[in-house]
Amino acid sequence: MPSEGRCWETLEALRSSDKGRLCYHRDWLLRGEDVLEECMSVPKLSSYSGWVVDHVLPHTQENPSPSETSSSSRSASALDQPSFVPKSPIRSLAFLPASPAIPDGTKGKHESQHTEPTALPSSRGITVEGCIQMYELVHRMKGAEGLRQWQEEQERKVRALSEMASEQLKRFDERKELKQHKEFQDLRDVLEKGSREALGHQEKLKAEHRHRAKILNLKLREAEQQRLKQEELERLRKEEGQVRLRGLYALQEEMLQLSQQLDALDQPKDTLKVDLSAFRTRGNQLCGLISGITRATSENSFPTAEDHAAADRALQEMRDLLVNLQQEISRASEDKRRQDEEEARVKRQESQMQQGPEVHRESLVPSQGPGEKQNEDLQVKVQDSTMQWYQQLQETSSQCMLAFEGLTSCKDGQAKKIKMDLQKAATIPVSQISTIAGSKLKEIFDKIHSLLAGKPVHCGGHSVSVTLNPQGLDFVQYKLAEKFVKQGEEEVASHHEAAFPIAVVASGIWELHPRVGDLILAHLHKKCPYSVPFYPAFKEGMALEDYQRMLGYQVKDSQVEQQDNFLKRMSGMIRLYAAIIQLRWPYGNRQEFHPHGLNHGWRWLAQILNMEPLSDVTATLLFDFLEVCGNALMKQYQAQFWKMILLIRDDYLPRIEAITSSGQMGSFIRLKQFLEKCLQRREIPVPKGFLTSSFWRS
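Residues numbered from 1 in each chain as written. Predicted model: local features only at pLDDT ≥ 70, side-chain atom pairs only at ≥ 80, totals over all residues. Heavy atoms only, no water.

**A few points about the overall build of the protein chain**
Turning to step 1, where the next piece is worked out: The secondary structure content of the protein chain amounts to 24 helices and four strands.
Turning to step 2, where the next piece is worked out: Taking all 698 residues of the protein chain together, the buried fraction comes to 33%.
Turning to step 3, where the next piece is worked out: A sequence separation of at least 24 residues applies to 77% of the contacts in the protein chain between residues at least 6 apart.
Turning to step 4, where the next piece is worked out: Carbon and sulfur atoms provide 54% of the accessible area of the protein chain, an area that totals close to 45,000 Å². (Helix = DSSP H or I, 4+ residues; strand = E, 2+ residues; numbered from the N terminus. Buried < 20%, exposed > 50% of the residue type's maximum accessible area, 1.4 Å probe, protein only. Contact = heavy atoms within 4.5 Å. Areas by Shrake-Rupley, 256 points an atom, 1.4 Å probe, with all protein chains shown as cover.)

See below:
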């Protein structure tokens, strides 16, 4: 430490000083003498003072030589100075000369005489004694000062040691506190480690639990999916069975009609030499075969594919049988006609022979027998029954408009607000139809159904109901049907997959509210007459713009829309129509039939094939219709459908190609490639965007 270094330096300095070089008797304490007795006692003259006065001072006074005088004066001056301190006689005994001349008696006398201190009789003695006292005083003062300094030094050392001890105590306390803190930290680390291990174990248990729960959920989900798959397969089997059953009933009905035609051909031909018994017997056998299949189906719930194929073969055989019978009757009629002509010619020749060689001019008129095939062109006009249906739908739409005319023409602010709220409530949900989720689609359907049922629905932050106005229901039905068709014209035209969610909602609303379905057809026929199918004729005196509007074109400011845009809109509406006729609302009543099902699609396809094609329009509409509805028609009509496809490819496509210019061959080539691919695969693919059963679980 620094204080210890200073102590050693101090001791070394004291040892090197004059006082430190003095010799001290270490046996003073053993002799019982007090070291500081001379400093503490009253100043006294030494016992040798008398001897000094008697022997030393007289000699110096008797021979006062100049040198002695000077030395004495120097001695006196030196005695006057504080720095001159004569030594004690006791300490100087060793340096006194031996005086053998002094007798022992004299010595004893002197010793006896100086046993007691005596006062100096002269002033010089007093001076010497004063010097001695002054020396002792200086010595005591130096001793006191040294003692004080030593005490201060010791006090400083004590304070330094105390401070050092205090600092060491503080360090000890700090080390102790640090040790306690470290022990506490170690203990806390151990506890935290144990806690972490416990949490880790707990998390591990949770992870194992989650893993097991996940496995169980997967198993449950797989079981649920398996169950749903089985239910879906069962539903599909039932649907296919129902389709086959309806097809079987249709086959049986057609068989009965062919049998009636066979009987009708049998009655007026009795005069012909044709054996009809074999045809009649075979026809009865075929009718019995289909009846037996139908009875077996009634017992076994649904017919199998083999039963349907057998019934189809029987019907085809019945058709062939009827065709053969007609050919036999035609041949017999031709033979009879020729025989009658031959007999008439023979009779004329006989009458000419009887009348003479007169020559009669006869004009030969070529005639065609009933069995010869006439090459007639396809029709341009729609069938009368279809035209009546079209006009009836348009009349229904006009009557609906007249029914809510008072609401639209009313100037009252409240009525206008009701009209706007009802229009929003009817059109906004239709605009929100999408393929996001089946649950969302069901919410939209429920909202539209509630509005049509007279229940209040929320729209624009407040409640709206058709009961707010007597004409509200007619107005909502008309606007709803118009919005459905507009979605097909705009949304489906741009995104073909949107046809299916819009169509399934429209089909469900149609089933619950038939008038809305009629209005949908009326709007569809008005905007797209090819959905009838109907080719409006140009009447004399009609403006060209009006005729173009009748054909479905949009005319604005005497400007007719581009052909591409026109075909795009027609394609969207035909796709919507093709989707409606094949879809049903999955939450509806399955016991009832579709209000406008696949039979209308078959009728539309047959009628458009019986009409002359239109350049670029017919090919586009046929492709869109078959791409959306072809798969459903194939499942429904099977062999008859493929005959229709062959008819389109072999007979109708050449007619389309003949009227199509080189710049409009895109739609024709697309239709041709689609038909060839389907015939090659013997299958019509499921349309893109078709709603599956998994969609309704989302």
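**Looking at the environment of Arg6**
Turning to step 1, where the next piece is worked out: Within the element layout of this structure, Arg6 appears in helix H1 (residues 2-16).
Turning to step 2, where the next piece is worked out: Sequence spacing of Arg6 and Lys157 is 151 residues, and the spatial spacing of their C-alpha atoms is 10.0 Å.

**Thoughts on the packing of helix H23 (residues 639-659) against helix H24 (residues 665-681)**
The geometry of a pair of packed helices is captured by two quantities: the angle between their axes and the separation between those axes.
Turning to step 1, where the next piece is worked out: Following both chains from N to C, one finds H23 and H24 inclined at 155°, their axes separated by 11 Å at the closest point. Here H23 is positioned roughly antiparallel relative to H24, judged by the angle of their axes. The handedness of the crossing between H23 and H24 is left-handed. Contacts between H23 and H24 involve Trp642, Ile645, Leu646, Ile648, Arg649, Leu653, Ile656 and Glu657 on the former and, on the latter, Met665, Phe668, Leu671, Lys672, Leu675, Cys678 and Leu679.
Turning to step 2, where the next piece is worked out: Tallied by class, the residues present in the contact of H23 with H24 amount to 12 nonpolar, no polar and three charged. (Axes fitted to C-alpha atoms, helices over the stretch in contact; angles between N-to-C directions. Parallel < 35°, antiparallel > 145°, perpendicular 65-115°, else oblique. Left-handed = near helix turned anticlockwise from the far one by under 90°. Nonpolar A, V, L, I, M, F, W, Y, C, P; charged D, E, K, R; others polar.)

**Details of the side chain of Asp421**
Turning to step 1, where the next piece is worked out: Along the chain, Asp421 falls in helix H14 (residues 413-431).
Turning to step 2, where the next piece is worked out: Setting aside residues up to four positions removed in sequence, Asp421 forms contacts with Cys459, His462 and Val464.

**Notes on the pattern of salt bridges**
Turning to step 1, where the next piece is worked out: Inspection of every chain in the model, using the stated rule, returns 25 salt bridges.
Turning to step 2, where the next piece is worked out: In this structure, the salt-bridge partner of Glu145 is Arg148, at a minimum N-O distance of 2.1 Å. Of this pair, Glu145 and Arg148 are both found in helix H9 (residues 123-266), three residues apart, which corresponds to roughly one turn of the helix.
Turning to step 3, where the next piece is worked out: Of the residues examined, Arg148 reaches a relative accessible area of 36% and is grouped as partly exposed.
Turning to step 4, where the next piece is worked out: The shortest N-O distance in the salt bridge between Glu239 and Arg235 comes to 2.2 Å. In this pair, Glu239 and Arg235 are both assigned in helix H9, four residues apart and thus about one turn of the helix distant.
Turning to step 5, where the next piece is worked out: The exposure class assigned to Glu239 is partly exposed, which follows from its relative accessible area of 25%. (Salt bridge = Lys/Arg side-chain N within 4 Å of Asp/Glu carboxyl O.)

**Quick notes on a nonpolar patch on the surface**
Turning to step 1, where the next piece is worked out: Taken together, the side chains of Trp8, Leu11 and Leu14 make up a nonpolar region of the molecular surface, amounting to roughly 360 Å² of accessible area.
Turning to step 2, where the next piece is worked out: Within the secondary structure, Trp8 is located in helix H1. (Patch = residues over 30% accessible without salt bridge, like charges linked within 9 Å, V, L, I, M, F, W, Y side chains within 5 Å.)

**Regarding the packing of aromatic side chains**
Turning to step 1, where the next piece is worked out: Using the criterion set out here, one finds 16 aromatic pairs in the structure.
Turning to step 2, where the next piece is worked out: With centroids separated by 5.5 Å and ring planes inclined at 85°, the aromatic side chains of Phe623 and Phe674 adopt a geometry described as edge-to-face. In this pair, Phe623 is assigned in helix H22 (residues 617-637) and Phe674 in helix H24, connecting sequence segments 51 residues apart.
Turning to step 3, where the next piece is worked out: On the accessibility criterion, Phe623 (9% relative accessible area) is buried.
Turning to step 4, where the next piece is worked out: Residue classification places Phe674 among the buried positions, given a relative accessible area of 12%.
Turning to step 5, where the next piece is worked out: Taken together, Phe445, Trp585, Tyr587, Phe695 and Trp696 form an aromatic cluster joined through their ring pairs.
Turning to step 6, where the next piece is worked out: Cation over ring: Lys442 sits above Tyr587, and NZ or CZ is 5.3 Å from the ring centre. (Phe/Tyr/Trp six-rings, centres within 6.5 Å; stacked < 30°, edge-to-face > 60°. Lys NZ or Arg CZ within 6 Å of the ring centre and 35° of its normal.)

**Focus on the nonpolar core**
Turning to step 1, where the next piece is worked out: Among the nonpolar cores identified, the biggest contains 102 residues, and Val505, Leu605, Phe625, Leu626 and Ile648 are the most heavily contacted of them.
Turning to step 2, where the next piece is worked out: Residue contributions to this core peak at 12 residues, all from H22. (Core = buried A, V, L, I, M, F, W, Y, C linked by side-chain atoms within 4.5 Å.)

**Topic: the side chain of His596**
Turning to step 1, where the next piece is worked out: Its location among the elements puts His596 in the loop between helix H20 (563-580) and helix H21 (598-609).
Turning to step 2, where the next piece is worked out: A residue is classified by how much of its surface remains accessible, and His596, at 2% relative accessible area, is buried.
Turning to step 3, where the next piece is worked out: Only 2.9 Å separates the side chain of His596 from the side chain of Tyr577, close enough to count as a polar contact.
Turning to step 4, where the next piece is worked out: Each residue touching His596, except ones within four places of it in the same chain, is listed here: Trp389, Trp510, Leu521, Tyr577, Ile580 and Ile581. (Polar contact = N/O pair within 3.5 Å; in protein donor to acceptor, adjacent residues only side chain to side chain.)

**Thoughts on the environment of Leu258**
Turning to step 1, where the next piece is worked out: Counting through the fold element by element, Leu258 comes out in helix H9.
Turning to step 2, where the next piece is worked out: When its relative accessible area of 10% is taken as the criterion, Leu258 is described as buried.
Turning to step 3, where the next piece is worked out: Aside from chain neighbours lying at most four places away, what touches Leu258 is Leu315, Met318, Arg319 and Leu322.

**Here's the deal with unusual backbone geometry**
Turning to step 1, where the next piece is worked out: For the bond running from Val532 to Pro533, omega is 0°, close enough to zero to count as cis.
Turning to step 2, where the next piece is worked out: Within the secondary structure, Pro533 is located in the loop between helix H18 (514-527) and helix H19 (544-550).
Turning to step 3, where the next piece is worked out: Positive phi outside glycine occurs at Arg682, with the angle close to 55°.
Turning to step 4, where the next piece is worked out: You can see Arg682 is positioned in the segment after H24.
Turning to step 5, where the next piece is worked out: The class for Arg682 is exposed, based on a relative accessible area of 52%.

**Let's talk about helix H17 (residues 499-512)**
Given 3.6 residues per helical turn, the α-helix brings residues three or four places apart onto the same face.
Turning to step 1, where the next piece is worked out: With 14 residues, H17 should cover 20 Å at 1.5 Å per step; its first-to-last C-alpha distance of 20 Å lies within 8% of that length.
Turning to step 2, where the next piece is worked out: Taking burial as the measure, the 14 residues of H17 include 13 buried ones, the bulk of the element. (Expected span 1.5 Å × (residues − 1).)

**Points about the packing of H17 against H20**
Turning to step 1, where the next piece is worked out: Here H17 crosses H20 at 55°, and the two axes come no closer than 8 Å. Between H17 and H20, the crossing angle belongs to the class labelled oblique. Where H17 crosses over H20, the handedness of that crossing is right-handed. Mapping the contact onto sequence places Ala499, Phe500, Ile502, Ala503, Ala506, Ser507 and Trp510 in H17 and Arg575, Leu576, Ala579 and Ile580 in H20.
Turning to step 2, where the next piece is worked out: In terms of residue class, the contact of H17 with H20 is made up of nine nonpolar, one polar and one charged.

**Thoughts on the confidence of the model for the protein chain**
Residues shown with low pLDDT carry predicted positions that ought not to be read at fine detail.
Turning to step 1, where the next piece is worked out: On average, residues of the protein chain score 77 in pLDDT, and 77% of them are at 70 or above.
Turning to step 2, where the next piece is worked out: At the low end of the mean pLDDT range in the protein chain sits helix H7 (residues 89-92), at 39; at the high end sits H20, at 91.
Turning to step 3, where the next piece is worked out: Here residues 60-121 is a poorly scored stretch, pLDDT under 50, and it has 35 contacts once near neighbours within four places are set aside; other chains count.
Turning to step 4, where the next piece is worked out: Contacts of residues 355-376 to residues separated by more than four positions or lying in other chains number four contacts, the stretch itself having pLDDT below 50. (pLDDT = per-residue confidence, 0-100.)

**Digging into helix H16 (residues 472-494)**
Turning to step 1, where the next piece is worked out: Between its terminal C-alpha atoms H16 stretches 32 Å, which fits the 33 Å expected from 23 residues at 1.5 Å a residue.
Turning to step 2, where the next piece is worked out: Largest kink in H16: about 30°, centred on Gly488.
Turning to step 3, where the next piece is worked out: For H16, the tally of buried residues reaches 17 of 23 residues, placing the bulk of the element in the interior. (Bend = angle between axes of the 7 residues up to and from the residue.)

**A short note on the environment of Ser558**
Turning to step 1, where the next piece is worked out: Looking at the secondary structure, you find Ser558 in the loop between strand E3 (555-556) and strand E4 (559-560).
Turning to step 2, where the next piece is worked out: Exposure remark for Ser558: the relative accessible area of 52% places this residue in the exposed category.
Turning to step 3, where the next piece is worked out: For Ser558 and Leu544, which are 14 residues apart along the polypeptide, the C-alpha to C-alpha distance reads 9.8 Å.

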